[in-house]
Amino acid sequence: MKKYQLGEFEEIVLLTVGVLYDEAYGVGIKEEIQTRLKRKVSVGALQSALRRMEKKGYLKSREGEANAKRGGKPKRFFVITAYGREALEYSKDVRTQLWNAIPEVALDLKMV
């Protein structure tokens, strides 16, 4: 089970990189998460997660072209690796198995 260590935030970031595919860079990922999940994301937390997952082999990155609008600093684009895809599929399978194992009576709760 320790093969794929993927936290909840990492999973969201990894999925978002997949959603954005070839246009996944820091600010774009942050905005996509905030739009889709109505969840605030700090640039520092996002950058840490991206670097950590790149180090784990779930992502790889490349520099885009330098842009005067960004003071000559190029964007860094991320894509999911085959290992990252395996980690996402593993996470999805575990969640599905847990959902399927919950007896219906356990979720038959009424709001009071």
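This text follows the structure it describes.
Time to look at the environment of Glu63. Within the secondary structure layout, Glu63 lies in strand S1 (residues 59–63). With 12 residues separating them along the chain, Glu63 and Arg51 place their C-alpha atoms 14 Å apart. Excluding residues that lie within four positions of it along the chain, Glu63 makes contacts with Pro74, Lys75 and Arg76. For Glu63, the side chain forms a polar contact with the side chain of Arg76, separated by 3.4 Å.

Attention now goes to unusual backbone geometry. Residue Tyr21 is not a glycine yet carries a positive backbone phi of 45°. Looking at the element boundaries, Tyr21 is found in the loop between helix H1 (8–20) and helix H2 (26–37). At Lys38, a residue that is not glycine, the phi angle is positive and equals roughly 50°. Take Lys38: it is sitting in the loop between H2 and helix H3 (43–56). With a relative accessible area of 70%, Lys38 lands in the exposed category.

To continue, consider the nonpolar core. Generally speaking, soluble globular proteins have nonpolar side chains that are buried together. Ranked by internal contacts, the top residues of the largest apolar core, which has 21 residues, are Val13, Val17, Ile29 and Leu50. Contributions of two or more residues to this core are made by H1, H2, H3 and helix H4 (82–101). The element that contributes the greatest number of residues to this core is H1, accounting for 6 residues. For Leu50, the residues in contact, after removing those within four places along its chain, are Val13, Val17, Ile29, Leu59 and Phe78.

Criteria and thresholds
- Residue positions within a chain follow its written sequence, with the count starting from 1.
- Restriction of local features to residues with pLDDT of at least 70 applies here, the model being predicted, together with a cutoff of 80 or more for giving and counting side-chain atom pairs; totals for whole chains, interfaces and linings are based on all residues.
- Side-chain calculation: all heavy atoms of the structure are included, whereas hydrogens and water are not.
- Secondary structure elements are defined from DSSP: runs of H or I of at least 4 residues count as helices, runs of E of at least 2 residues count as strands, and each element is numbered from the N terminus.
- Note on definitions: a residue-residue contact is assigned when non-hydrogen atoms from the two residues lie within 4.5 Å.
- Polar contact criterion, stated in full: a pair of N or O atoms within 3.5 Å, where within protein one must be able to donate a hydrogen and the other to accept it, and residues adjacent in sequence count only if both atoms are side-chain atoms.
- Note on exposure labels: buried denotes an accessible area under 20% of the residue type's maximum, exposed denotes more than 50%, and partly exposed covers the range between, all computed with a 1.4 Å probe on protein chains only.
- In these notes, a set of buried Ala, Val, Leu, Ile, Met, Phe, Trp, Tyr and Cys residues joined through side-chain atoms within 4.5 Å is what counts as a nonpolar core.

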